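Close look at the chain arrangement
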Amino acid sequence: MTTDVSQRFLARDNVYLPHIAVIEKIIDETPGVVTLHFNFKDEKLREEFTFKPGQFGEYSVFGIGEATFCISSSPTRRDHLEFAVQRVGKVTNALHRLDVGSEMGFRGPYGNGFPLDSFAGKNLVFVAGGIGLAPLRSLIWNVIDDRDKYEKIDIVYGARSPADLCFKYDLDAWGNDSSINMVTTVDKGDASWTGREGFVPQVLEQAAPSARNAVAIVCGPPIMIRFTFPVLEKLGFTPEQMFTTLEKRMKCGIGKCGRCNIGNLYVCRDGPVFSFAQIKGFISSEY
Ligand SMILES: Cc1cc2nc3c(=O)[nH]c(=O)nc-3n(C[C@H](O)[C@H](O)[C@H](O)COP(=O)(O)OP(=O)(O)OC[C@H]3O[C@@H](n4cnc5c(N)ncnc54)[C@H](O)[C@@H]3O)c2cc1C
Ligand code: FES
């Protein structure tokens, strides 16, 4: 019997056959992003399904197609699952049109997830931009629910404008948690914004979290990632202490179609979570 989480929930006869899931709640995050809460129709699967923060699924709207999204909820809070969708094209528009009670397909969980065991006993620095907070919030809530295992937590999160900040309810909760150093920033504020302004890499440099006994986990738009790694290096983080989760266009999600390679790695099978040491050779051409 395999113990690999990514293999346990595959349909037996056809790995491309999705499980049927029902939308239970829809949250408007920003003008272009919604979070969908869902659960499986199959009761046994609903009870047994587990995953690791950073893993993803292939979600389908019947008659339209399939697309890749991380699971944005934490495995430590399993009465339902969540994913956040930015509207960019065919499938994401169709997902935005679903209502509470609509059915969709789900295959997964796929990918490696974050190496949570290796983070134990460390200071954790989370750096995210825009909807890039989605995979990190799964990890952050997992860490909060296991708080004794980890040391200091720093979170630097930014978006283009106040309206583009996702998961505002989480930002409030983390901001009110005295064990977390939370910094929220926007590129450009509006009349009502009293918080910090500035790009995420600059704000990270000002916050200057120590690299000692720390790991940094970064996710956001490619431009943010490209400018964040040099800042972390300046702060003393080694490539082995920095992690990110990559978004490469996918089809099968399980290492079969060859669609998602960067260098000799398949993002779906070997990632999507990588240390900077693993990807720094080709990140500048990809990002
Ligand atoms: C591991 C992983 C996790 C992801 N997690 C999330 C998530 O949590 N939330 C979220 O909103 N999105 C996420 N994405 C991106 C998401 O998969 C795409 O936005 C989605 O597939 C677009 O589908 P579509 O049919 O609406 O777009 P299409 O109609 O196929 O394309 C619309 C436009 O988007 C571009 N595009 C499509 N997919 C990608 C991609 N992967 N990278 C760059 N450009 C792309 C196309 O080139 C085109 O310009 C993730 C991607 C990966 C690989
Ligand atoms: S999506 Fe098919 S190999 Fe990665």
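Look a little higher up for the structure.
These notes cover the structure that comes with them.

How each quantity is defined
Residues numbered from 1 in each chain as written. Chains lettered and ligands numbered in written order. Predicted model: local features only at pLDDT ≥ 70, side-chain atom pairs only at ≥ 80, totals over all residues. Heavy atoms only, no water. Axes fitted to C-alpha atoms, helices over the stretch in contact; angles between N-to-C directions. Helix = DSSP H or I, 4+ residues; strand = E, 2+ residues; numbered from the N terminus. Left-handed = near helix turned anticlockwise from the far one by under 90°. Contact = heavy atoms within 4.5 Å. Nonpolar A, V, L, I, M, F, W, Y, C, P; charged D, E, K, R; others polar. Phe/Tyr/Trp six-rings, centres within 6.5 Å; stacked < 30°, edge-to-face > 60°. Buried < 20%, exposed > 50% of the residue type's maximum accessible area, 1.4 Å probe, protein only. Pairing = 2+ DSSP bridges.

Looking now at the packing of helix H5 (residues 133–145) against helix H6 (residues 168–175). Geometrically, a packed helix pair is captured by the angle between its two axes and the distance between the axes. With their axes 12 Å apart at the nearest point, H5 and H6 run at an angle of 35° to one another. In this structure, H5 crosses over H6, and the sense of that crossing is left-handed. Packed against H5, whose contacting residues are Leu133, Arg137, Ile140, Trp141 and Ile144, the element H6 presents Tyr169, Asp170, Leu171, Ala173 and Trp174 at the interface. Counted by class, the contact of H5 with H6 contains eight nonpolar, no polar and two charged residues.

This next bit is on the packing of aromatic side chains. Scanning the model with the defined rule gives 17 aromatic pairs in all. Ring geometry for Phe38 and Phe106: centres 5.7 Å apart, planes at 35°, overall tilted. Of the two residues, Phe38 is situated in strand E2 (residues 33–40) and Phe106 in strand E6 (residues 103–110); the sequence distance between them amounts to 68 residues. Taken as a pair, Phe38 and Phe106 share a single burial class, namely buried. Judged by centre distance (6.4 Å) and plane angle (90°), the ring pair of Phe167 and Tyr169 falls under edge-to-face. Put simply, the rings of Phe38, Phe40, Phe49, Phe51, Tyr59, Phe69, Phe83 and Phe106 pair up and form one aromatic cluster.

Sheet architecture is open: six strands sit in the order E4-E3-E6-E1-E2-E5, paired in antiparallel fashion. The open sheet has two edge strands, strand E4 (65–70) and strand E5 (81–86), and neither has a second partner. Averaged over all pairs of adjacent strands, the angle between strand axes in this sheet comes to 40°, irrespective of strand direction. Of the strand pairs in this sheet, strand E1 (residues 19–30) and E6 are connected by four bridges, and their pairing is antiparallel. When the sheet's bridge partners are listed, Ala21 is paired in E6 with Met104. Against the sheet, helix H3 (residues 90–97) contacts E2, strand E3 (56–61), E4, E5 and E6, and its axis sits at roughly 125° relative to E5.

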